[in-house]
Amino acid sequence: MIELQKVAHSYGGGELFADVTLALSPGGFFFLTGPSGAGKTTLLKLLYGELSPSAGQVRLFGTPLARMSRDDIAFARRRIGVVHQDCQFLDHLSLAENVALPLTVAGATTAEADADLDELLAWVGLDTRADALPPALSGGERQRAALARAVIMAPDVILADEPTGNLDWDMSLRLLTLLVELNRMGKTILIATHDLALIRAAKSQITARVLRIAGRRLQTAGAEL
Amino acid sequence: MTPSSRSATALPPADRVVPPSGFTARLTGFTSAAMAFLAVFALALSLASGRLADRWQAALAQSATIRISAPPSQIEAQTAAVLAILETTPGVADARALTEAEIAALLAPWLGPDLPLDALPLPRIVEIVETPDGFDANGLRMRLAAEAPGAVLDDHTRWRRPLVAAAERLRLLGLIAIALIGAATAAMITLAAQAALAANAQVIRVLRLVGARDAWIARAFVRRFTRRAFLGAALGTAAGMAAVAALPATDAAGAFLTGLGFAGLHWLWPLVLPPLAALVAWAATRAAALRELRRIT
Ligand SMILES: Nc1ncnc2c1ncn2[C@@H]1O[C@H](COP(=O)(O)OP(=O)(O)OP(=O)(O)O)[C@@H](O)[C@H]1O
Ligand SMILES: [Mg+2]
């Protein structure tokens, strides 16, 4: 679905990582770990086309990123749900409006959004907070809202950057359960996280591949997990 | 709140997705209002000078006459020659020799009604109706001198011709002023739109992350600016029309200037300005937005 071939990235200085090859296969469950600053967020940005690699090739749903028009990238992003590390909400819109934003920009009608949204907000336990503005939300509420927004378009792939960064353990497990549920529905999931306990908890429920950025390379993590 | 009433508001309208940005929207509204106000006057100027040109033009059409004084033996022949010349003169729509009775009527105020016409060598008078373009008076004089020496071209009202040209030029200047006002409005709105886009770079980033196409983002901005421009221009137009209506009425003497204002159905013309401003704003904002969006990656 999404592939990186011998990809390198640098923000102008030295290369953050190089020679990264990764294929997010349909229905796969992936974890991405690595020390802070290793480039996890950067790698995710490459996977949804926000950044272009400084070397190598990125393919979104079979098409090389370099050959995609801006509109092509917009359409591809509707098939990739992203939970951003910093959530990326519009602070002047309510939580419900933020969650529905992908539908809005895709030109959906209110009726289409109706059922989806109610169900989704209940699913992430935010049905009572629908009218709150993002700055008034707790960290955990923000991350659950971000997950709701990431899945509202029924995407094929979900990329989550530190989705449990602000959550207590119970809430982390709930969020993981939601993601596992999505994976069982056939979605491809990639979670970038520091939280090794979360990875272990996931591995007890599904088979997950654990990747690790270390020493400017992407490796498959070994048995220590 | 019930779920259904909340859901109805969950899809924000496209133009609410962009946060209301105070000064750019106000700038657009104010510019449109001021420019529409000015455009109403430019329009009034243009229409009034158009009316003036038309009226003077109509007066000019019956301006010229040819007087033929010749010995009685030649007068018929010269009159016929003059009419023949006029028939082949470009710019002459019609030419007609006045009858003796008409000439007598013309002379009566000067010479009294009991004039013994037979005793006087009356001149013949040929009346010329010009086309709007008019004829070449000097060329006609030369031909008359050659073929009908007793004929004198009298075109004393032709001095108005430059005035007609001036009035027509004034109409054109009015139209150019409207075009310039439109261009200045477009420039101002472009700047305002650029400022709004720059101020909302983060919003644009988020919209892109959730899969918005450039055209959609541009539309969100364009709608707001178009609406502002329309409302501003409507206000400005109303104020301008009120100001024109309140101009002191010109009496008969002042009517020489025909009065700067609208007459009859011409009052409908200013109503074109608000939609026109909206169109200008739409085109300017759209071009600016698409250009900026291509720049911001
Ligand atoms: N836009 C940018 N311009 C320049 N440098 C950047 C930019 N974004 C990130 N970096 C740098 O690239 C490196 C990797 O950043 P990245 O956010 O990918 O790390 P990360 O693995 O996600 O870290 P964390 O676990 O703290 O989220 C960091 O050193 C960061 O400072
Ligand atoms: Mg990160």
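Residues numbered from 1 in each chain as written. Chains lettered and ligands numbered in written order. Predicted model: local features only at pLDDT ≥ 70, side-chain atom pairs only at ≥ 80, totals over all residues. Heavy atoms only, no water.

Observations regarding the overall build of chain A
Piece 1. What chain A contains, in helices and strands, is 8 helices and 10 strands.
Piece 2. For 225 residues, the compact-globule estimate of 2.2 N^0.38 gives 17 Å, and chain A sits close to it at 17 Å.
Piece 3. Overall, the C-alpha framework of chain A stretches about 45 × 40 × 30 Å when taken along its three principal axes.
Piece 4. Buried residues in chain A amount to 54% of all 225 residues.
Piece 5. Working note: accessible area of chain A is about 9,000 Å², and carbon and sulfur atoms make up 50% of it.
Piece 6. Side chains of chain A give 22 positive and 25 negative charges; the mean places of these two sets differ by 9 Å. (Helix = DSSP H or I, 4+ residues; strand = E, 2+ residues; numbered from the N terminus. Rg over C-alpha atoms; globule rule 2.2 N^0.38 Å. Buried < 20%, exposed > 50% of the residue type's maximum accessible area, 1.4 Å probe, protein only. Areas by Shrake-Rupley, 256 points an atom, 1.4 Å probe, with all protein chains shown as cover. Lys, Arg positive; Asp, Glu negative; His and termini not counted. Charge placed at Lys NZ, Arg CZ, Asp CG, Glu CD.)

With respect to the overall build of chain B
Piece 1. If you tally the helices and strands in chain B, you get 10 helices and 4 strands.
Piece 2. Counting from the amino terminus, chain B carries its helices and strands in the arrangement α-α-α-β-α-β-α-β-α-β-α-α-α-α.
Piece 3. Counting across all 297 residues of chain B, residues that qualify as buried make up 42%.
Piece 4. In chain B, of all internal contacts separated by at least 6 residues, the share reaching a separation of at least 24 is 85%.
Piece 5. Only carbon and sulfur atoms are counted for the fraction: they give 68% of the accessible area of chain B, which is about 15,300 Å². (Contact = heavy atoms within 4.5 Å.)

Examining the sheet that holds strand β4 (residues 151-154) of chain B
All names here are of chain B.
Piece 1. Here 4 strands make up an open sheet; going across it, the order is β2-β3-β1-β4 and the pairing antiparallel. The sheet is open, and its two edges are formed by β2 (92-97) and β4, each paired on a single side. Neighbour to neighbour, the strand axes of the sheet diverge by 20° on average, direction disregarded.
Piece 2. Sheet analysis places strand β1 (residues 64-68) next to β4, joined by 4 bridges and oriented antiparallel. Bridging across to β4, I68 finds its partner in A151. (Pairing = 2+ DSSP bridges. Axes fitted to C-alpha atoms, helices over the stretch in contact; angles between N-to-C directions.)

Regarding the environment of B:L111
Piece 1. Mapped onto the elements of the fold, B:L111 is located in helix α5 (residues 100-111).
Piece 2. Note: C-alpha distance between B:L111 and B:A101 (10 residues apart in sequence) is 14 Å.

Thoughts on the coordination of the magnesium ion (ligand 2)
All names here are of chain A.
Piece 1. Bound to the magnesium ion (ligand 2) on the protein side are T41 (OG1) and Q85 (OE1), at distances that span 1.9 to 2.3 Å. Taken together, the residues T41 in helix α1 (residues 40-47) and Q85 in the loop between β6 (80-83) and α3 (95-99) connect sequence positions 44 residues apart.
Piece 2. Relative accessible area serves as the criterion here: at 25%, T41 is assigned to the partly exposed category.
Piece 3. The partly exposed category is assigned to Q85, whose relative accessible area is 40%. (Donors = N, O, S within 2.8 Å, 3.2 Å for Na, K, Ca; no water.)

Observations concerning the packing of aromatic side chains
Residue and element names in this part refer to chain A.
Piece 1. Tallying each qualifying case throughout the model produces 2 aromatic pairs over all chains.
Piece 2. Their ring planes at 40° and their centres at 5.5 Å tell us that F29 and F31 sit as a pair that is tilted.
Piece 3. Looking at F31, the relative accessible area reads 0%, which means it is buried.
Piece 4. Of note, R79 hangs over the ring of F61, and the distance from its end group to the ring centre comes to 3.8 Å. (Phe/Tyr/Trp six-rings, centres within 6.5 Å; stacked < 30°, edge-to-face > 60°. Lys NZ or Arg CZ within 6 Å of the ring centre and 35° of its normal.)

Re the pattern of salt bridges
Piece 1. The tally for this structure, following the rule as stated, stands at 13 salt bridges over all chains.
Piece 2. We note a salt bridge from B:R124 to B:E76, for which the minimum N-O separation is 2.5 Å. Separated by 48 residues along the polypeptide, B:R124 in strand β3 (residues 124-130) and B:E76 in helix α4 (residues 72-87) bring together distant segments of the chain.
Piece 3. Residue B:E76 is classed as partly exposed on the basis of its relative accessible area of 48%.
Piece 4. Across the pair B:R208 and B:D214 runs a salt bridge, and its minimum N-O distance is 3.2 Å. Each member of the pair B:R208 and B:D214 is classed as buried.
Piece 5. Taken together, the shared-partner salt bridges connect A:R70, B:R208 and B:D214 into one network. (Salt bridge = Lys/Arg side-chain N within 4 Å of Asp/Glu carboxyl O.)

Re unusual backbone geometry
Apart from glycine, the bulk of residues carry a negative phi angle, and the bulk of peptide bonds sit in the trans form.
Residues and elements named next belong to chain A.
Piece 1. A positive phi angle, close to 60°, is found at D19, a residue other than glycine.
Piece 2. Within the fold, D19 resides in strand β2 (residues 15-24).
Piece 3. Taking the relative accessible area as the measure of exposure, D19 reaches 42% and is therefore partly exposed.
Piece 4. Residue R216 is not a glycine yet carries a positive backbone phi of 65°.
Piece 5. By the element assignment, R216 lies in the loop between β9 (209-214) and β10 (217-220).
Piece 6. The exposure class of R216 is partly exposed, given its relative accessible area of 38%.

Considering α1(A)
Spacing of three or four residues puts side chains on the same side of an α-helix, whose turn is 3.6 residues.
Residue and element names in this part refer to chain A.
Piece 1. Summarising burial for α1: 6 of the 8 residues are buried, a large majority.
Piece 2. Those residues of α1 not exposed but buried are K40, T42, L43, L44, L46 and L47.
Piece 3. The positive-phi residue at the C-terminal boundary of α1 is G49, with phi of around 75°.

Some words on the layout of surface pockets
Residues and elements named next belong to chain A.
Piece 1. Within this model, the second largest pocket holds a volume of roughly 300 Å³.
Piece 2. Lining the second largest pocket are D116, E119, L120, W123, V151, I152, A154, P155, E181, L182, M185 and K187.
Piece 3. Counting residues per element, the ones that place at least two in the lining of the second largest pocket are α5 (110-123) and α7 (169-184).
Piece 4. For the lining of the second largest pocket, the leading source of residues is α5, giving 4 residues.
Piece 5. The residue makeup of the lining of the second largest pocket, split by class, is 8 nonpolar, no polar and 4 charged.
Piece 6. Viewed by domain, the lining of the second largest pocket spans two of them, domain 1 (1-79 + 156-225) and domain 2 (90-154), each represented by three or more residues. (1 Å grid on protein atoms, 1.4 Å probe; cavity = no way out; pocket = protein on both sides within 12 Å on 5 of 7 lines; lining within 4 Å. Points joined across faces, edges and corners; volume = space filled by probe spheres on them. Nonpolar A, V, L, I, M, F, W, Y, C, P; charged D, E, K, R; others polar. Domains from an automatic or database assignment.)

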